[in-house]
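# A look at the structure
Residues per chain are reported as follows:
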Amino acid sequence: VKNHPDWPNPYNGITAIRDGDIDRDIGIYLAESEQRSCALAAATTVNGILCTSAGGYLVEQLPDCSEETMKRVETNLATLVEKDGTDKLPTGLLNTGVTPLEIAEIILDGLDMKPLQQIEPKAACHCTEERLFRAVRLLPKEEVDDILKKEEQIEARCQFCGKVYRMGPDEVAERFANAQGDPSKDSDMNL
């Protein structure tokens, strides 16, 4: 869906899914529905249940792009395909340690590329005992008492980072006595 300030209604572009490959089908959509010329690749490699690499790129021709620039990008894309050497571009490069920045440098070689910003993704978990207790407060008091009676503690494992939290009956009672705000409302919890 695209909006434009001069259009009375949003524009919806639709094309059929033909190949089942994300990059090919998005490329077809961009060519047929949006009438945009681009080079697009996206792929993953999986070893058992472990994703060992995932990546892609989208290179789109901008208005007023010179024929010389387009030819340079096409040559660079051919070089990229040759360097990758697999049918799952660009994961062959990623599996050998080539970074996304280096892939961009290959595609834009000779075009005076200037990276604006680089960030490195990091796994960060925001789990805390306070979040666990908030979840406990959402349970009926009878259910909390039943868990404490049967298990002698409340135990929870964060599904993101795997950290295990435990609270004994005394700690649960003290936290209930000092609890403030509505646990169902983020604004009341200061989390």
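Rules and cut-offs
Residue positions are given per chain, counting from 1 as you read along its sequence in written order. In keeping with the predicted nature of the model, local features appear solely for residues at pLDDT of at least 70, side-chain atom pairs appear and are counted solely at 80 or more, and the whole-chain, interface and lining totals rest on all residues. Side-chain calculation: all heavy atoms of the structure are included, whereas hydrogens and water are not. Of the grid points, spaced at 1 Å and generated over the protein atoms alone, those admitting a 1.4 Å probe that cannot get out make up cavities, while open sets with protein on both sides within 12 Å along at least five of seven lines make up pockets; any residue with an atom within 4 Å of a point is treated as lining. Grid points are joined across faces, edges and corners, and a volume is the space filled by probe spheres set on the points. Only DSSP runs of H or I covering at least 4 residues are called helices, and only runs of E covering at least 2 are called strands; the numbering of each starts at the N terminus. Think of it as three bins: nonpolar holds Ala, Val, Leu, Ile, Met, Phe, Trp, Tyr, Cys and Pro, charged holds Asp, Glu, Lys and Arg, and polar takes everything else, Gly as well. The pairing test for Phe, Tyr and Trp rings, Trp by its six-membered ring, is centres within 6.5 Å, and the orientation test on the planes gives stacked under 30 degrees, edge-to-face over 60, and tilted for anything in between. Each residue gets one of three labels from its accessible area relative to the maximum for its type: buried under 20%, exposed over 50%, partly exposed in between, using a 1.4 Å probe on protein chains only. Only Lys NZ and Arg CZ are tested; either one counts as a charge over a ring when it is within 6 Å of the ring centre and within 35 degrees of the ring normal. The pLDDT score gives, residue by residue, the confidence of the prediction method on a 0 to 100 scale. Among the buried residues, those of types Ala, Val, Leu, Ile, Met, Phe, Trp, Tyr and Cys that are joined through side-chain atoms within 4.5 Å form a nonpolar core.

Within this model, the largest pocket holds a volume of roughly 360 Å³. Around the largest pocket, the lining is made up of 18 residues, and of these Val-59, Glu-60, Gln-61, Val-73 and Leu-108 lie nearest the centre. Only β1 (38-47), β2 (50-60) and α2 (67-84) provide two or more residues apiece to the lining of the largest pocket. At five residues, the largest contribution of residues to the lining of the largest pocket is made by α2. Its residues placed into classes, the lining of the largest pocket shows 12 nonpolar, three polar and three charged.

Here the focus is the packing of aromatic side chains. Summed over the entire model, instances satisfying the criterion amount to one aromatic pair. Judged by centre distance (5.1 Å) and plane angle (75°), the ring pair of Phe-133 and Phe-176 falls under edge-to-face. Linking Phe-133 in helix α5 (residues 129-138) with Phe-176 in helix α7 (residues 169-178), this pair joins segments that are 43 residues apart in sequence. A relative accessible area of 23% places Phe-176 in the partly exposed class. Taking the ring centre of Phe-176 as reference, the NZ or CZ of Lys-141 above it sits at 4.9 Å.

Next up on the list: the confidence of the model for the protein chain. Here the protein chain shows a mean pLDDT of 88. Residues at 70 or above account for 96%. The weakest mean pLDDT in the protein chain belongs to helix α1 (residues 22-32) at 83; the strongest belongs to α2 at 95.

Core analysis: the largest hydrophobic core is formed by 13 residues, its most contacted members being Tyr-57, Val-59, Leu-77, Leu-80, Ile-103 and Ile-107. Looking at this core, the elements that each hand over two or more residues are β1, β2, α2, α3 (91-95) and α4 (100-107). Listed in part, the 11 residues of the second largest apolar core include Leu-132, Leu-148, Tyr-165 and Met-167.

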